[in-house]
Amino acid sequence: MENERGRNVNFMGEIFDINAVFTSIPRLLEVLPVSLQITAISMIVGLVFALLFAIIRMKKVPVLSQLVTVFISFIRGTPIIVQLYLTYNGIPLLLKFINQQYGTDYNINAVPAMLFVLVTFAFNEAAYNSETIRAALQSVNKGQIEAAESLGMTYLQVLRRVIVPEALVVAIPPLGNALIGLLKGTSLAFVAGVIEMTAQGKIIAGSTFRFFEVYLALAIIYWVMTIIIEQILRYLEKRFSIPDPVQQTINGGGWFNWGRRGI
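Definitions and cut-offs
- Residues numbered from 1 in each chain as written.
- Predicted model: local features only at pLDDT ≥ 70, side-chain atom pairs only at ≥ 80, totals over all residues.
- Heavy atoms only, no water.
- Helix = DSSP H or I, 4+ residues; strand = E, 2+ residues; numbered from the N terminus.
- Buried < 20%, exposed > 50% of the residue type's maximum accessible area, 1.4 Å probe, protein only.
- Contact = heavy atoms within 4.5 Å.
- Core = buried A, V, L, I, M, F, W, Y, C linked by side-chain atoms within 4.5 Å.
- Salt bridge = Lys/Arg side-chain N within 4 Å of Asp/Glu carboxyl O.
- pLDDT = per-residue confidence, 0-100.
- Expected span 1.5 Å × (residues − 1).
- Axes fitted to C-alpha atoms, helices over the stretch in contact; angles between N-to-C directions.
- Parallel < 35°, antiparallel > 145°, perpendicular 65-115°, else oblique.
- Left-handed = near helix turned anticlockwise from the far one by under 90°.
- Phe/Tyr/Trp six-rings, centres within 6.5 Å; stacked < 30°, edge-to-face > 60°.

Bringing the overall build of the chain into the picture now. The secondary structure content of the chain amounts to 12 helices and zero strands. The buried share of the chain, reckoned over its 263 residues, is 35%. The long-range fraction of contacts in the chain, counting pairs at least 24 apart against all pairs at least 6 apart in sequence, stands at 77%.

What follows is the structure in C-alpha cells.
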C-alpha cells in the first residue's frame, strides 16, 4: 500500500502536475482576445466576400464568375497553413513590386503580422462559406422572389428583404460549424508571428517544461469556447426559425384548441 501511494504521489508531483494546468489557464486567457479578434474579423469579412462570390456565381457574371470559381477551387484545394505562408511571403513581394513599378516607398517591414493572418483566414472563410451561402440563397422559393419583383422592388431590395432573411435560416447551422472551425484554426496564426493562445502555450511550455499540462489547459479553453458558441448558435436557430403555421395554429389557440376547451 505504501509503495502504491508513493507511486501515485510521484506521478501527480513529478510526471503530471495538475496545478500547472490551472496556473496556465489565466496566462493563456491573457491572449484570448487576440484569438477572438482574428475569429470575429475574419468571419465578418469572409461572409461579405462569400455573399459577393455567391451572387456572382448565381448570376453567372462573365469573367468574374470564372475567376471566382478558380479562386474557390484553389482555396479549397490547398491547406490553410500553405495559404498562410503564401500570404506571409506574397504581400511583401507585392509591395516591393508596387514600389519598383510606381516609385512608392511602402515600408515592407512595417506590415503588421496580424494583416497576413486576417487576409488568409478571411479569404479562406469566403471560399468555403460562399458555397454554403449559394445553396441557402437557391433554397428560397422563387415564387416569393417573383412576387417581390412584381411589387417593383430592385434586386438589392429583394435580396435584403426576402432572400437573405429566409436563406439565413438554412445557412446558420453550417456557418456555425465554420465559425467553430475558424476559432480552432486560429491556432495556426503563430506561423505568421501572431501571439495567440497556441503561441502563448508554446512560450509557457518552453519556460516551465510542462508541455502536457499547458496543452491540456489550452484544450480545455478551446473546448469551453466551442460549447459557448454552440449554445449561441442553438439560440439563433430558434430565434430565426420559421414556425409551422399549422402547428402554430394548433398550439397557439386555433380552432382545434378552442373546440377542446369548449368540451
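Most often, soluble globular proteins have nonpolar side chains that are buried together. By size, the foremost hydrophobic cluster in this structure holds 19 residues, and its most contacted members are Leu-28, Met-197 and Ile-221. Of all the elements in the fold, those that place two or more residues in this core are α2 (18–29), α8 (155–185), α9 (197–208) and α10 (211–240). If you tally residues by element for this core, the top one is α10, at eight residues. In this structure, Met-197 is in contact with Leu-28, Val-31, Leu-32, Ser-35, Leu-218, Ile-221 and Tyr-222, ignoring residues within four places of it in sequence. One finds Leu-95, Phe-116, Phe-121 and Ala-192 within the second-largest nonpolar core, a separate group that totals 17 residues.

For the structure shown, the criterion picks out three salt bridges. A salt bridge links Arg-134 to Glu-131; the shortest N-O distance between them is 3.0 Å. Placement of both Arg-134 and Glu-131 in helix α6 (residues 113–138) is noted, with a separation of three residues, approximately one turn of the helix. Overall, Arg-134 belongs to the partly exposed group, its relative accessible area being 21%. Where Arg-210 meets Glu-213, a salt bridge forms, and the shortest distance between an N and an O atom there is 3.1 Å. A single burial state applies to Arg-210 and to Glu-213, both of which are buried. Connected through shared salt-bridge partners, Arg-57, Glu-131 and Arg-134 make up one network.

On average, residues of the chain carry a pLDDT of 85, and 86% of them reach 70 or more. Per-element mean pLDDT across the chain ranges from 41 in helix α12 (residues 255–262) up to 95 in helix α4 (residues 64–76). A low-confidence stretch, residues 245–250 (pLDDT under 50), is modelled with four contacts involving residues beyond four sequence positions or located in other chains. Predicted confidence for residues 253–263 stays below pLDDT 50, and this span has six contacts to residues more than four positions away or in other chains.

All right, on to helix α3 (residues 32–59) then. Its 28 residues place the ends of α3 40 Å apart at the C-alpha level, agreeing with the 40 Å of an ideal helix rising 1.5 Å per residue. Positioned one or two residues after α3, Lys-60 has a phi angle of 55 degrees, which is positive.

Another aspect to go through is the packing of α2 against α10. Orientation of α2 relative to α10, taken along the N-to-C sense of each, is 55 degrees, at an axis distance of 8 Å. Comparing their axes, α10 and α2 come out oblique. In this structure, α2 meets α10 at a crossing whose hand is right-handed. The residues of α10 that touch α2, namely those facing Ala-20, Val-21, Ser-24, Ile-25, Leu-28 and Leu-29, are Glu-213, Val-214, Leu-216, Ala-217, Leu-218, Ile-220 and Ile-221.

All right, on to α10 then. If you check α10, its first and last C-alpha atoms are 43 Å apart, about what 30 residues at 1.5 Å a residue would give, namely 44 Å. Taken together, the buried positions of α10 are occupied by Glu-213, Val-214, Ala-217, Leu-218, Ile-221, Tyr-222, Met-225, Thr-226, Ile-229 and Leu-233.

Now for the packing of aromatic side chains. Counting across every chain of the model gives six aromatic pairs. Between Phe-49 and Phe-53, the aromatic rings sit 6.1 Å apart at their centres with planes inclined by 50 degrees, giving tilted as the arrangement. With Phe-49 and Phe-53 both in helix α3, this residue pair falls four residues apart, about one helical turn. Residue Phe-53 is classed as buried on the basis of its relative accessible area, which comes to 10%. Measuring from ring centre to ring centre gives 5.2 Å for Phe-49 and Phe-123, while their planes differ by 45 degrees; the resulting arrangement is tilted. Placement of Phe-49 in helix α3 and of Phe-123 in helix α6 is noted, with a sequence separation of 74 residues between them. An aromatic cluster is built from Phe-49, Phe-53, Phe-71 and Phe-123, whose rings are joined through pairwise contacts.

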